[in-house]
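Structure at a glance
Residue-level listing of the chains:
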Amino acid sequence: MKILVINAGSSSLKYQLLDPDTKEVLAKGLCERIGIDGHLKHTPTGKDVFDADVDLPDHEVAIQEVLNILQHNHYGVIQSMDEIDAVGHRVVHGGEEFTHSVVIDRKVMKGIKECIPLAPLHNPANLVGIEACQDVMPGKPMVAVFDTAFHQTMPPKAFIYAVPYRWYTENKVRRYGFHGTSHQYVSQRAAEMLGRPIEELRIVTCHLGNGASTCSVKFGQSVDTSMGFTPQDGLPMGTRSGAIDAAITEYIADQRGYSGKRVENVLNKESGVLGISGVSSDFRDLEAAAAEGNERAQLAIDNFCYKVTKRIGSSAAAMGGVDAVVFTAGVGENSATLRAKIMEGLEFLGLKLDPEKNDVRGKERIISTDDSPNAILLVPTNEELMIALDTARLVREAELNGAL
Ligand code: AMP
């Protein structure tokens, strides 16, 4: 089976063609600057990379170009579009309606549209990606995989904010959580690596990349997570502030004469480790600057690690204990220094990091000591594989039920 995974943004489109059964990636790539001018980087496995400007006036043309290059006689990996069995789309917000991945039909499209107020930047771009695929590949089965769906198992006490209840019932204000596909994938892999059923494990997953969130995965289900109504909540990130005292927004608007929109923009794009350090949102730059004695870069790292440490503690408390902590995403997979700093002081939870095993990048590995009561793991995330697996499963089920 071959599944095309699409992650459409407002001016970009990431794709991967993979076989969910063998987990083999046939090709991956990225269309950028859609609607501006256009650039396509296509990486077929075992073949030459295509990397050049290509005219991409809209998403439909971008999808067509992706399909063309997938079938190209030099850069291609398939003979015809018929070899693609189905398309899996990453959709950011599924609100309360979508608790699982679903086969896309008219009702699903309507549901995704209804979630636009909750994700005004992302969901419209995701919809454009789906519509472009429907135009270029009419009749091809398609599945929507939501970033929020995994967290829909959170109990009300975890998802409700302490604001007037009508904000929830009338305005949909609640914790939704994001990175769900990643938290689900790495928790499942962690259970497999430990050789234990996920139904008996309490796992704290730490997705630490440019965006960062933790999740309490109790017996396979998300029971709490650090991102909230938007991805702005929770941990400090590359450029996002994470959770702050809500009163700061009004105060700083008054003090600096900012509009509410400008405050929001600063909290999203000029805060986080970039805001504290003034150096960069990239942890590699921060580590380099801190090593050269830049105190604000060091403070940004310390603040980030401190908050992740505290989050692991509260995530464990949310489950009455913790059997495993999992690190994933750019920082979590690559920085042994940050992982070590985060785990400092968590020995009281029976979590002992092995410095030698921790000296690794981007590979699946158990990085706790052999005598550690609970496990620490490094699991590279693979959202595309998770999307492809869900897509394959749902399309096969629908075919069996005669729904396709
Ligand atoms: P992601 O959003 O998961 O792609 O993660 C991107 C972030 O990972 C970058 O902004 C970097 O801050 C971080 N990162 C990647 N490689 C390293 C590394 N070797 N050491 C520290 N941070 C890294």
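Residues numbered from 1 in each chain as written. Predicted model: local features only at pLDDT ≥ 70, side-chain atom pairs only at ≥ 80, totals over all residues. Heavy atoms only, no water.

Let's talk about the sheet that holds strand β12 (residues 324-328)
Note the threshold: In this analysis, strands are considered paired if DSSP registers two or more bridges between them. Only DSSP runs of H or I covering at least 4 residues are called helices, and only runs of E covering at least 2 are called strands; the numbering of each starts at the N terminus. Two residues form a contact once any of their heavy atoms are found within 4.5 Å. Angles run from 0 to 180 degrees between N-to-C directions of axes, and those axes are lines fitted to C-alpha atoms, restricted for helices to the stretch in contact.
Spatially, β11-β10-β9-β12-β14-β13 is the arrangement adopted by the six strands of the open sheet, whose pairing is mixed. Both edges of this open sheet fall to β11 (221-225) and β13 (365-366), since each of them pairs with a single strand only. Pairing geometry for β12 and strand β14 (residues 375-378), over four bridges, is parallel. If you follow F327 over to β14, its bridge partner there is L378. Against the sheet, helix α11 (residues 295-317) makes contact with β9 (202-208), β10 (212-218) and β12, and its axis sits at roughly 155° relative to β9, the strand it touches most. Seen against the sheet, helix α13 (residues 336-343) touches β9, β12 and β14 and runs at an angle of roughly 150° to β12.

Section: the side chain of S101
The condition is simple: Counted as a polar contact is a pair of N or O atoms within 3.5 Å, where, for protein atoms, one must be capable of donating a hydrogen and the other of accepting one, and residues adjacent in sequence contribute only when both atoms are in side chains.
Of note, S101 is situated in the loop between β6 (86-91) and β7 (102-103). For S101, the side chain forms a polar contact with the side chain of D390, separated by 2.5 Å. The residues touching S101, leaving out its near neighbours within four places in the chain, are V143, A144, V145, D390 and L394.

Structural notes on the packing of aromatic side chains
Rule in force here: Whether two aromatic rings pair depends on their centres lying within 6.5 Å, for rings of Phe, Tyr and Trp, where Trp uses its six-membered ring; planes under 30 degrees apart make the pair stacked, over 60 edge-to-face, and the rest tilted. Partly exposed describes any residue whose relative accessible area lies between the buried limit of under 20% and the exposed limit of over 50%, with all areas from a 1.4 Å probe on protein chains only and scaled to the type maximum.
For the structure shown, the criterion picks out six aromatic pairs. Consider the rings of F159 and Y168, whose centres lie 5.6 Å apart with planes at 50°: the pair is tilted. F159 gets classed as buried once you look at its relative accessible area, which sits at 9%. Ring centres 5.6 Å apart and planes at 65° place the aromatic pair Y165 and Y168 in the edge-to-face group. With Y165 and Y168 both in helix α5 (residues 165-171), this residue pair falls three residues apart, about one helical turn. Residue Y165 is classed as exposed on the basis of its relative accessible area, which comes to 55%. A residue is classified by how much of its surface remains accessible, and Y168, at 16% relative accessible area, is buried.

What about the pairing of strand β5 (residues 50-53)?
Bridge count between strand β4 (residues 39-44) and β5: four bridges; the pairing is antiparallel. Note that in β5 the partner of L40 across the bridge is A52. The loop that links β4 with its antiparallel partner β5 comprises five residues; one of these, G46, has a positive phi angle of about 75°.

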